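Close look at the chain arrangement
Residues per chain are reported as follows:
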Amino acid sequence: MPVDGEAVRLGSKAEDTDEPGWEVDPDDEWGIAVVATVGRQLKLRREAAGMRAAEFGKAVGYGEDMVYKIESGKRIPRLDYLDTADQVLGAGGLVSAMKEDVKKVRYPKRVRDLARMEASAVEIGLYSTHNIHGLLQTEPHMRALFDVWLPAHTEDETERMVAARMARRAIFERSPAPTLSFVREEATLRRPVGGTMVWRQQLERLLKPGALRNVSIQVMPTGCEDHVGTGGLIEVLKFPDGSAVGRSDGAFNGRPVTDPKQLRILELRYGMIRAQALTPRESRAFIERLLGESES
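Here goes a summary of the coordinates provided. None of these values were measured; they are calculated from a predicted model. (Residues numbered from 1 in each chain as written. Predicted model: local features only at pLDDT ≥ 70, side-chain atom pairs only at ≥ 80, totals over all residues. Heavy atoms only, no water.)

1. Points about the overall build of the chain
When helices and strands are counted, the chain shows 12 helices and five strands. Counting all 296 residues of the chain, 47% fall into the buried class. Per element, the accessible surface of the chain, about 15000 Å² overall, is 53% carbon and sulfur. Of the side chains in the chain, 43 bear a positive and 45 a negative charge, and the two mean positions are spaced by 3 Å. (Helix = DSSP H or I, 4+ residues; strand = E, 2+ residues; numbered from the N terminus. Buried < 20%, exposed > 50% of the residue type's maximum accessible area, 1.4 Å probe, protein only. Areas by Shrake-Rupley, 256 points an atom, 1.4 Å probe, with all protein chains shown as cover. Lys, Arg positive; Asp, Glu negative; His and termini not counted. Charge placed at Lys NZ, Arg CZ, Asp CG, Glu CD.)

Shown next, in the form of structure tokens:
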């Protein structure tokens, strides 16, 4: 349950370049099935149109080798590839219609799994220590974080991760709305990730979801002496049928748990963290003060 785009089209000088982020994950059974099905459909339609792979590749702006890789299910086709293929093959939108599943395959399986759980949860509690939680991040803030990771990500990998994280923010538009609770460490709000402008935009962003009736954002002051959150991240998601799943860096080896006894421990810790943090009203005032300080 750990958290956590579309790049430019390959040009004529890089038609056969295998960029990272478009490989098929060998552990993603659903993804493998989707890419294999899409590739098979593309091959059948190309052959039905009487086009050789080289001729088709030229028509869509990709090399013959890339055409074979996509048709054999070894590479995830770009979305513009599918749109152009639809036009070249006269598929009437049937090839383009496969973009939705292909788009999901581009997201790492763990991100899809998390997004699926978030989409069905009725209550989510989130505490993290090092960074502002992904659901609350602005796009520039995300990019600034990804840009400093080591080893360095390629541009394509960054786009993929940003797109996946941005897609998860749809949770704020769900109806009926889930109850969302976030506890932020003060240090994560004071760190000017991406520079002053990006930092200010991020602080302003926090005020928007924090004003929603179903969202609670609290700040854990650095000066808090009694702090039960020193074990690190805690996530607890509850579902309509009464089931739940949780994870903590400081418990159960960091693995997701569903056992009621283990969940009770995580809920106890998260509840105490919320009690030790500033109230939502106090936290909003604190963020507004930080915004004022950032102007000076």
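2. Description of the pairing of strand β5 (residues 244-248)
By the criterion of burial, β5 is predominantly enclosed, with five of the five residues buried. Neither face of β5 is open: one carries Ala-244, Gly-246 and Ser-248, the other Val-245 and Arg-247, and all of them are buried. When strand β4 (residues 234-238) meets β5, the two strands line up antiparallel, connected through five bridges. What sits directly across from Glu-235, in β5, is Arg-247. In sequence, β4 turns back onto β5 through a hairpin of five residues, with Gly-242 there showing a positive phi of about 95 degrees. (Pairing = 2+ DSSP bridges.)

3. A word on the sheet that holds strand β1 (residues 123-128)
The sheet built from five strands is open, its strands ordered β3-β2-β1-β4-β5 with mixed pairing. With partners counted over all chains shown, the strands left at the sheet margins are β3 (215-220) and β5, one partner each. Across the sheet, the mean angle separating the axes of adjacent strands is 5 degrees when strand polarity is ignored. On the sheet, helix α11 (residues 260-276) packs against β1, β2 (179-185), β3, β4 and β5 and is oriented at approximately 115 degrees with respect to β4. (Axes fitted to C-alpha atoms, helices over the stretch in contact; angles between N-to-C directions. Contact = heavy atoms within 4.5 Å.)

4. Quick look at the packing of helix α1 (residues 29-48) against helix α3 (residues 64-71)
Contact geometry for α1 and α3: axes closest at 7 Å, N-to-C directions at 125 degrees. On the basis of the axis angle, α1 is oblique to α3. Contacts between α1 and α3 involve Val-35, Gly-39, Arg-40, Leu-42, Lys-43 and Arg-46 on the former and, on the latter, Val-67, Ile-70 and Glu-71. (Parallel < 35°, antiparallel > 145°, perpendicular 65-115°, else oblique.)

5. Structural notes on the packing of aromatic side chains
By the definition in use, this model includes three aromatic pairs. A ring pair is formed by Phe-56 and Tyr-81, whose centres lie 6.2 Å apart and whose planes are at 75 degrees; its orientation type is edge-to-face. Of this pair, Phe-56 sits in helix α2 (residues 53-60) while Tyr-81 sits in helix α4 (residues 79-89); the two residues are 25 residues apart in sequence, bridging distant segments of the chain. An aromatic cluster is defined as three or more aromatic residues linked by ring pairs; in this entry it consists of Phe-56, Tyr-62 and Tyr-81. For the cation-ring pair, Arg-205 lies above Phe-172, with the distance from its terminal atom to the ring centre recorded as 5.4 Å. (Phe/Tyr/Trp six-rings, centres within 6.5 Å; stacked < 30°, edge-to-face > 60°. Lys NZ or Arg CZ within 6 Å of the ring centre and 35° of its normal.)

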